[in-house]
Amino acid sequence: MLLAIDAGNTNIVFALMEGETIHARWRIATDPRRTADEYAVWLSQLLALEGHQRSDVDGVMIGTVVPRALHNLQVLARKYFGTEPVIAGSAAAPWGFPLDVDEPQNLGADRALNVIAAHAEHPGDLIVIDFGTATTFDVVDFRGAYKGGIIAPGINLSLDALVTAAAKLPRIAIEAPADSTVIGRNTVSQMHIGIYWGYVAMIEGLVARLKQEIGRPVKVIATGGLAILFEQRTAVFDVVEADLTLRGLAMLWARTHIAANA
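Note that the structure is predicted; figures quoted are calculated from it, not measured.

A.B. asks: What's the story with the packing of aromatic side chains in this structure? I'm lost.
C.D. replies: Within a pair of aromatic rings, the relevant descriptors are the distance that separates the centres and the angle that separates the planes. This model, assessed by the stated rule, comprises seven aromatic pairs. Their ring planes at 55 degrees and their centres at 5.7 Å tell us that Phe14 and Tyr39 sit as a pair that is tilted. One end of the pair, Phe14, is in strand S2 (residues 11-18); the other, Tyr39, is in helix H1 (residues 36-49), and 25 residues separate them in sequence. Note on accessibility: Phe14 and Tyr39 belong to one class, buried. Ring geometry for Phe131 against Phe230: centres 5.2 Å apart, planes inclined by 25 degrees, an arrangement best described as stacked. With Phe131 in strand S6 (residues 125-131) and Phe230 in helix H6 (residues 227-231), the pair connects residues that are 99 residues apart, well separated along the chain. The same class applies to Phe131 and to Phe230, which are both buried. Three or more aromatic residues joined by ring pairs make a cluster, and in this case those are Phe131, Tyr196, Trp197, Tyr199, Phe230 and Phe237. The ring of Phe142 is capped by Arg143, whose NZ or CZ atom sits 5.6 Å from the centre of that ring.

Listed below in structure tokens is the structure:
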């Protein structure tokens, strides 16, 4: 089995995978100071709860956008799983698709992994929207080339900035408003409308502009934890795939092993 590790700015997701099948997954807050020993204690207990043990893992693939977190994850793989981890995007596991942008070296691992999985599963031109710490829009052409995209503040960042800067505004949960009205009758409802419908308007507006610029039929794929929240109130998504990044890790792992054993 593969232990796929998706290390993001807010959370690190560990998934026990067989092929592209996810047998178990666990999420922990990203903290670069967390040691390999701490990860191991936590993971060992969770593996046992799912009926697995460390010896079930015969490979580790890491995709990270947090360079400071990488070392301890590598030590975790070597010390507690007895395997050399493969780093997504490294010389041992290159992305394998054209990066038709000005700064290809700056493409985040999560976005690249989304491109791999999205192109493998969906023909034609694609827009991949990932709702994470930032909300990213990635354009993939019908050949699988990455053409560029958009980086916008994530909805949690937007809400945090609003509450931090405005002393009298309360902290609210991010959720879809009870109805479609955009005239709030109190402070909390006005905040819900501004955050939620404002974000929906941004998504729909940017997708419309991207489609116009691409000029060909495009499929829109949404991923990330909050994608389902927005799916309730907009028809802009063609597909919602919560595990796109993890599947990208599994596909890159498989490709790397085929190349290594050829």
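A.B. asks: Sorry if this is basic, but what is going on with the sheet that holds strand S3 (residues 21-29) here?
C.D. replies: Through backbone hydrogen bonds, the strands of a sheet pair up, either in parallel or in antiparallel fashion. Taken in spatial order, the five strands of this open sheet run S3-S2-S1-S4-S5, and their pairing is mixed. Single-partner strands in this sheet number two, and they are S3 and strand S5 (86-87). Bridge count for strand S4 (residues 59-64) against S5 is two bridges, and the pairing is parallel. What sits directly across from Ile62, in S5, is Ile87. Here H1 sits on the sheet and contacts strand S1 (2-7), S2 and S3; the angle it forms with S3, its principal contact strand, is near 140 degrees.

A.B. asks: Honestly, the UniProt feature "binding site: ATP" (unreviewed entry) in the protein chain in this entry has me stumped. Any pointers?
C.D. replies: Listed under "binding site: ATP" (unreviewed entry) in the UniProt record, and renumbered for this structure, are Asp6, Ala7, Gly8, Asn9, Thr10, Asn11, Ile12, Val13 and Thr133. In three dimensions, the annotated residues from a span of 128 residues occupy one location, with a maximal C-alpha spread of 13.7 Å. In this structure, the largest pocket is lined, among the annotated residues mentioned, by Asp6, Gly8, Asn9, Thr10, Asn11, Val13 and Thr133. On the basis of relative accessible area, Ala7 is assigned to the buried category, the value being 1%. When sequence neighbours within four positions are dropped, the list of residues in contact with Ala7 reads Ile12, Gly63, Thr64, Val65, Val66 and Leu73. When you line up the elements, Thr133 lands in the loop between S6 and strand S7 (134-140). Filtering out sequence-adjacent residues up to four positions away, Thr133 remains in contact with Asn9, Thr10, Pro153, Gly154 and Leu157. A polar contact is formed between the side chain of Thr133 and the side chain of Thr10, at a distance of 2.4 Å.

Reading guide: rules and limits
- Residues numbered from 1 in each chain as written.
- Predicted model: local features only at pLDDT ≥ 70, side-chain atom pairs only at ≥ 80, totals over all residues.
- Heavy atoms only, no water.
- Phe/Tyr/Trp six-rings, centres within 6.5 Å; stacked < 30°, edge-to-face > 60°.
- Helix = DSSP H or I, 4+ residues; strand = E, 2+ residues; numbered from the N terminus.
- Buried < 20%, exposed > 50% of the residue type's maximum accessible area, 1.4 Å probe, protein only.
- Lys NZ or Arg CZ within 6 Å of the ring centre and 35° of its normal.
- Pairing = 2+ DSSP bridges.
- Contact = heavy atoms within 4.5 Å.
- Axes fitted to C-alpha atoms, helices over the stretch in contact; angles between N-to-C directions.
- UniProt positions renumbered as here; feature names shortened; annotations may be inferred.
- 1 Å grid on protein atoms, 1.4 Å probe; cavity = no way out; pocket = protein on both sides within 12 Å on 5 of 7 lines; lining within 4 Å.
- Polar contact = N/O pair within 3.5 Å; in protein donor to acceptor, adjacent residues only side chain to side chain.

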